[in-house]
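Results of the structural survey
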Amino acid sequence: MSTAYGKDEIAALQEKAKRHLWLHFTRMSSYADSDVPVIVRGEGQYVYDQYGKRYLDGLAGLFVSQIGHGRTEVAEAASRQAKELAYFPLWSYAHPQAIELADRLAALAPGDLNRVFFTTSGSEAVESAWKLAKQYFKTIGQPSRYKVLSRTIAYHGTSMGALAVTGLPAIKEPFEPLPPGGVRVPNTNFYRAPSFVADDLNAFGVWAADEIERAIQREGEDSVAAVFLEPVQNSGGCFPPPPGYFQRVREICDKYGVLMVSDEVICAFGRLGYYFGSERYGYKPDIITFAKGVTSGYAPLGGMLVTDRLMEPFTHGNHSEHKTHHITEPGVGERLGANTFLHGVTFAGHPVSCAVAMANLDVFEKEDLLGNVRANEGAFRAALEKLYDLPIVGDVRGAGYFYGIELVKDKSTRETFDDDESERLLRGFLSHALFDAGLICRADDRGDPVIQLSPPLTCTQEHFDQMEQILRSVLTEAWTKI
Ligand SMILES: Cc1ncc(COP(=O)(O)O)c(C=O)c1O
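Residues numbered from 1 in each chain as written. Predicted model: local features only at pLDDT ≥ 70, side-chain atom pairs only at ≥ 80, totals over all residues. Heavy atoms only, no water.

**Quick word on the side chain of Gln 45**
Note the threshold: By definition, any uninterrupted DSSP run of H or I lasting at least four residues is a helix, any uninterrupted run of E lasting at least two residues is a strand, and each is numbered from the N terminus. Burial classes: relative accessible area under 20% of the type maximum marks a residue as buried, over 50% as exposed, and values in between as partly exposed (1.4 Å probe, protein chains only). Every residue pair with non-hydrogen atoms within 4.5 Å of one another is taken to be in contact.
If you trace the backbone, Gln 45 turns up in the loop between strand 1 (39-43) and strand 2 (46-49). Judged by relative accessible area, Gln 45 falls into the buried class, the value being 14%. Beyond its immediate stretch of four places on either side in the chain, Gln 45 contacts Tyr 55, Leu 56, Asp 57, Pro 456, Thr 458, Cys 459 and His 463.

**Details of the packing of helix 3 (residues 72-84) against helix 12 (residues 351-366)**
Two numbers describe a pair of packed helices, the interaxial angle and the distance between the axes. The line we're drawing: Each axis is a line fitted through C-alpha atoms, taken for helices only over the stretch in contact, and angles between the N-to-C directions span 0 to 180 degrees. Roughly parallel means an angle under 35 degrees; roughly antiparallel means over 145; roughly perpendicular covers 65 to 115; every other angle is labelled oblique. Helix crossings get a hand from a simple test, with the near helix turned counterclockwise from the far one by less than a right angle marking a left-handed crossing and a clockwise turn marking a right-handed one.
Contact pair helix 3 / helix 12: the axes reach a minimum separation of 8 Å and the direction vectors enclose 150 degrees. In this view, helix 3 runs roughly antiparallel relative to helix 12, as classed from their interaxial angle. At the point where helix 3 passes helix 12, the crossing takes the right-handed sense. On helix 12, the residues that touch Glu 73, Val 74, Ala 77, Ala 78, Gln 81 and Ala 82 of helix 3 are Pro 351, Val 352, Ala 355, Val 356, Ala 359, Asn 360, Val 363 and Lys 366.

**Considering helix 1 (residues 7-20)**
Inclusion rule: Helix span, expected: 1.5 Å multiplied by one less than the number of residues in the helix. The directions from the helix axis to the C-beta atoms are what the arc is built from.
Spanning 14 residues, helix 1 covers 20 Å between terminal C-alpha atoms, matching the ideal 20 Å at 1.5 Å per step. Within helix 1, the full set of buried residues consists of Ile 10, Gln 14 and Ala 17. The arc that holds every buried residue of helix 1, seen down its axis, measures 70 degrees, which confines them to one face. Projecting away from the buried face of helix 1 at angles above 90 degrees are the exposed residues Asp 8, Glu 15, Lys 16, Arg 19 and His 20.

**Regarding the packing of aromatic side chains**
To keep things clear, this is the line we draw: Stacked, tilted and edge-to-face pairs are distinguished by plane angle, under 30 degrees for stacked and over 60 for edge-to-face with tilted covering the rest, among Phe, Tyr and Trp rings (Trp via its six-membered ring) whose centres lie within 6.5 Å. Lysine and arginine charges are scored as sitting over a ring when NZ or CZ, respectively, is within 6 Å of the ring centre and within 35 degrees of the ring normal.
By the definition in use, this model includes 21 aromatic pairs. The interplanar angle of 85 degrees and the centroid separation of 5.9 Å between the aromatic rings of Phe 63 and Phe 402 together place this pair among those described as edge-to-face. Note that Phe 63 is positioned in helix 2 (residues 60-63) and Phe 402 in strand 14 (residues 402-407), a separation of 339 residues in sequence. Here the aromatic rings of Tyr 136 and Phe 137 are separated by 5.2 Å at their centres, their planes lie at 70 degrees, and the arrangement is edge-to-face. The structure contains a cluster of three or more aromatic residues connected by ring pairs, namely Phe 190, Phe 196, Phe 204 and Trp 207. For Lys 134, the ring lying beneath its charged end belongs to Trp 130, and the centroid distance is 5.2 Å. Above the plane of the ring of Tyr 274 lies Arg 374, whose end atom (NZ or CZ) is 3.9 Å from the centre.

**Considering the pattern of salt bridges**
Here is the rule: By salt bridge we mean one thing: a side-chain nitrogen of Lys or Arg within 4 Å of a carboxyl oxygen of Asp or Glu.
Under the definition given, this model contains 29 salt bridges. Salt bridges sharing common partners tie together Arg 192, Asp 395, Arg 397, Glu 406 and Asp 448.

**Points about the sheet that holds strand 13 (residues 393-399)**
The strands that make up a sheet pair up through hydrogen bonds in the backbone, lying either parallel or antiparallel. Formally: For two strands to pair, DSSP has to find at least two bridges joining them.
Read across the sheet, four strands follow the order 13-14-17-16 without closing on themselves; strand pairing throughout is antiparallel. In this open sheet, the two strands that pair with only one neighbour each are strand 13 and strand 16 (442-444). Averaged over all neighbouring strand pairs, the angle between strand axes comes to 20 degrees, with direction disregarded. With six bridges joining them, strand 13 and strand 14 adopt antiparallel strand pairing. Looking at the pairing, Val 396 lines up with Ile 405 of strand 14.

**Some points on the sheet that holds strand 3 (residues 54-57)**
The sheet built from four strands is open, its strands ordered 1-2-3-15 with mixed pairing. Whereas interior strands pair on both sides, the edge strands pair on one side only; in this sheet they are strand 1 and strand 15 (439-440). Sheet topology places strand 2 next to strand 3; three bridges connect them, and they run antiparallel. When the sheet's bridge partners are listed, Tyr 48 is paired in strand 3 with Arg 54. On top of the sheet, helix 15 (residues 461-480) reaches strand 2, strand 3 and strand 15; it is set at about 105 degrees to strand 3, its chief contact.

**Brief notes about the nonpolar core**
To be explicit about the condition: Here, nonpolar core refers to any group of buried Ala, Val, Leu, Ile, Met, Phe, Trp, Tyr and Cys residues whose side-chain atoms link them within 4.5 Å.
In this structure, Phe 118, Phe 269, Ile 405, Leu 407, Leu 430 and Leu 471 are the most contacted members of the largest nonpolar core, which totals 70 residues. Per element, the largest residue contribution to this core is eight residues, and it comes from helix 12. Once residues within four sequence positions are removed from consideration, Phe 269 is found in contact with Gln 66, Leu 105, Tyr 274, Tyr 275, Phe 276, Phe 290, Ala 291, Gly 293, Val 294, Leu 361, Phe 364 and Leu 457.

**Regarding the confidence of the model for the chain**
Where we set the bar: What pLDDT reports is the predictor's confidence in each residue, on a scale of 0 through 100.
On average, residues of the chain score 94 in pLDDT, and 95% of them are at 70 or above. Across residues 320-335, where pLDDT falls below 50, the model places 27 contacts with residues more than four positions away in sequence or in other chains.

**A word on the site of the ligand**
Condition: Proximity is defined per residue: if any heavy atom of the residue lies within 4 Å of a molecule or strand, that residue is considered near it. Throughout this description, a polar contact denotes any pair of N or O atoms lying within 3.5 Å of each other; where both atoms belong to protein, one of them has to be capable of donating a hydrogen while the other can accept it, and for residues adjacent in sequence the pair is counted only when both atoms sit in side chains. Accessibility throughout is a Shrake-Rupley quantity obtained with a 1.4 Å probe, and a residue counts as covered only by protein chains that appear here. Charged residues are taken to be Asp, Glu, Lys and Arg, nonpolar residues to be Ala, Val, Leu, Ile, Met, Phe, Trp, Tyr, Cys and Pro, and polar residues to be all remaining types, Gly included.
Lining the immediate surroundings of the ligand are Ser 121, Gly 122, Ser 123, Tyr 155, His 156, Gly 157, Glu 230, Asp 263, Val 265, Ile 266 and Lys 292. In this structure, an oxygen atom belonging to the ligand sits 2.8 Å away from a main-chain N or O atom of Gly 122. Side-chain polar atom of Asp 263 to a nitrogen atom of the ligand: 2.7 Å apart, as the coordinates give it. Against a free-state accessible area of 390 Å², the protein chains account for coverage of 85% of the ligand. When its residues are assigned to classes, the shell around the ligand shows three nonpolar, five polar and three charged.

**Thoughts on the pairing of strand 13**
Of all seven residues in strand 13, seven are buried, a share of seventy percent or more. Once strand 13 ends, the chain turns through two residues before running back antiparallel as strand 14, passing Gly 400 with a positive phi of about 60 degrees.

**Some thoughts on the side chain of His 463**
Assignment of secondary structure puts His 463 in helix 15. A polar contact is formed between the side chain of His 463 and the side chain of Gln 45, at a distance of 3.5 Å. Other than its neighbours up to four places away in sequence, His 463 contacts Gln 45, Tyr 46, Leu 56 and Thr 458.

**A look at the packing of helix 8 (residues 201-219) against helix 9 (residues 245-256)**
At a minimum axis distance of 8 Å, the contact between helix 8 and helix 9 shows a crossing angle of 20 degrees. Overall, the two elements helix 8 and helix 9 adopt an arrangement that is roughly parallel. As helix 8 packs across helix 9, the resulting crossing turns out to be right-handed. Across from Gly 205, Ala 208, Ala 209, Asp 210, Ile 212, Glu 213, Ile 216 and Gln 217 in helix 8, the residues of helix 9 making contact are Tyr 245, Arg 248, Val 249, Ile 252, Lys 255 and Tyr 256.

So this is what it looks like as structure tokens:
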């Protein structure tokens, strides 16, 4: 099927895009003299632009399209649900799709993470987790706990609360002051480990985990509510945890009564070969936040899974014993009080999104996508490691179908690029050149410059080879431009 649009249609779309559309995290001026890239269709591991040109979707859109594009059975599930019941809120009411999906997610999640609170996005999931932590501690009589620890350069979302958890100063600065309580601890970038642990991955892991304990002590033991960590940290370029890191963090959290939140907005739903990243690394968080891959992007959905222990104070309570009041929007007669989680989002757990998530998980099962990732992740890594023969490739790191390639100016010293060079290299050349060469991936300099890959979970050797070949040719050219 041809996807090419006509010349006039292409020109009209460009004009409207440039006049009216505001792209996220995008320097809009960069499109003053060039076309806004427009993707019009997807099929399997590929997407197509308005000219009909094909691109390998090496980023699964934005770490989202786990099952790949163009799955009619998932689209049909959405259509069926929209016809049956397009919308009803989860405020006081339930609908079968949210019930069935909550039951299914609870069965898939590790340990006693049995309760699902839906949202529409990852930021809302993170926001919800922090709010739950704060209200939970107030409810159980520890009202001074409100702070959250997270790692440097980690991205946890953009709403004000989630941004306060995020560890990227540059995207926070325009919005300061943010809600108080965000505290940074070191990330697990072993390639750039401090010299006293640079030769010993285990010692590095112990140090990085123990820094969480030191931060809790520094901030005041009774003031810390939660630690937010991704199984493999995305921002900065795929930092996997050193061996034993999460086990040590779990011990620290238990010792100080701090909640451990596994932010799996990227790492859940097969990205690391398991339904949940925490499963891969063998730890049991108190809360898992998720979004993205739960629907593979066929509709928006996020949420948090919480343990029975965290839910417990919200499962009982005599209304008459607590301050209650009525709200009229959007349900009627909810009685709110100390035993009600005072939080909600109109579109959270949308029936169409939940139906889509169920159909998405059916595809996971039918095609054993977790098995595909586990069987092929070694081949993916091997394909990317071939790039080590290029002078610009400093580090290849990641797990599952989630990899970062760190670019360096000098391999032997690990010297990175200065801001100007990084700007010229990433924005001035690499982003466009990779796209022009037919690969969607991310050239990112929120930490040191990296290229990130996170392809659909259906990818196999032919796709790994294609990624390697495109990266090889573009990175070879990039080196001549430094
Ligand atoms: C780990 C993590 N948390 C939270 C978010 C925010 O998710 P969303 O963009 O759906 O709000 C992201 C987005 O990439 C993420 O990677």
